[in-house]
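The lines below spell out each chain.
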Amino acid sequence: MKRSLLFVALLALSSVASAAGHDGPGRDIDKVNGSITASAGEAYGDLSTVNGGIDLERGARVGDVETVNGGIEAAGDVGARSVSTVNGAIRFGKQARIDGDVETVNGGIFIDRGGNVRDDVSTVNGAIGLVDTDLGGGIETVNGDVTVGVGSHVKGGIHVEKPSGNGMQWGKQRIPRIVIGPNAVVDGPLVFERDVVLYVHNTARTGSVRGATPTSYSTATPPQD
């Protein structure tokens, strides 16, 4: 997983970001404390903050979008080069276009209908959900649920990593739930290094499965555990 690179990039961001960032079409916006809003239909460069969320209004076009402590929320028809946070959720509306990765450590990721992500989608502690979305890379997580929703196409497979085991683990650990929905396609292998519950719709197609036994279902939604 690329989370080590994410940490390095965001630590670098926190050391160089300046509160004197400048707003404006086609220009970068850098902040330490405070949220950032990309206005509807406007073009920006890179957007970065340390303590604050980032909102991308409908039709905005931006470069790299990065925060450390904050979520990233995008309306429909938004384009970005890459999207990352450490502590926060990432949510994109319909017809998203993302040319690179979408990454968070503690938070979920959701890409709505018509989305196109060129590279990977990854979390450590957070669910991943795709609806009618094309993903050029793969899905990676450690503790998160994964839903490859109706009509989605994942070209790079799914990888659920084994937890590192650092620190004490108390009580029964939650088992991630992996769902491959109706008419979804996962071209690459599905590799599970820990216990998961795996549901695959009978109209879905997947690559090889290692580390789990798929349960087939035919209803609109998978069985409840």
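Before reading on, note that the structure itself is shown above.
Here the structure is a predicted model, which is why all the values come from computation and not from measurement.

Engineer: Looking at this structure, I do not really get the packing of aromatic side chains. What am I missing?
Structural biologist: In this description, an aromatic ring pair is defined by two values, namely the gap between the centres and the angle between the planes. Overall, the coordinates contain one aromatic pair when judged by the stated rule. Seen from their ring centres, Tyr 199 and Tyr 217 are 6.4 Å apart, and the 90° between their planes marks the pair as edge-to-face. Here the residue Tyr 199 occupies a position in strand 24 (residues 197-201), and Tyr 217 occupies one in strand 27 (residues 215-217), the gap between them amounting to 18 residues. Given the relative accessible area of 8%, Tyr 199 is considered buried. Given the relative accessible area of 6%, Tyr 217 is considered buried.

Engineer: I keep staring at the sheet that holds strand 8 (residues 82-84) and nothing clicks. Help me out?
Structural biologist: Two strands in a sheet stick together by hydrogen bonds in their backbones, pointing the same way (parallel) or opposite ways (antiparallel). A sheet is described by the order of its strands in space; here 10 strands give the open sequence 1-3-5-8-11-14-17-20-23-26, paired in parallel fashion. Unpaired on one side and paired on the other, strand 1 (29-30) and strand 26 (209-210) mark the two borders of the sheet. Bridge analysis of strand 14 (residues 121-122) against strand 17 (residues 139-141) gives two bridges, and the strand direction is parallel. Its bridge partner being in strand 17, Ser 122 is matched across the sheet by Glu 140.

Engineer: I'm lost on the environment of Val 146 in this one. Help?
Structural biologist: Along the polypeptide, Val 146 turns up in strand 18 (residues 146-148). Val 146 sits 30 residues away from Pro 176 along the chain, and the two C-alpha atoms are 7.7 Å apart. Excluding residues that lie within four positions of it along the chain, Val 146 makes contacts with Ile 128, Ile 139, Thr 141, Ile 158, Arg 177, Ile 178 and Val 179.

Parameters at a glance
Residues numbered from 1 in each chain as written. Predicted model: local features only at pLDDT ≥ 70, side-chain atom pairs only at ≥ 80, totals over all residues. Heavy atoms only, no water. Phe/Tyr/Trp six-rings, centres within 6.5 Å; stacked < 30°, edge-to-face > 60°. Helix = DSSP H or I, 4+ residues; strand = E, 2+ residues; numbered from the N terminus. Buried < 20%, exposed > 50% of the residue type's maximum accessible area, 1.4 Å probe, protein only. Pairing = 2+ DSSP bridges. Contact = heavy atoms within 4.5 Å.

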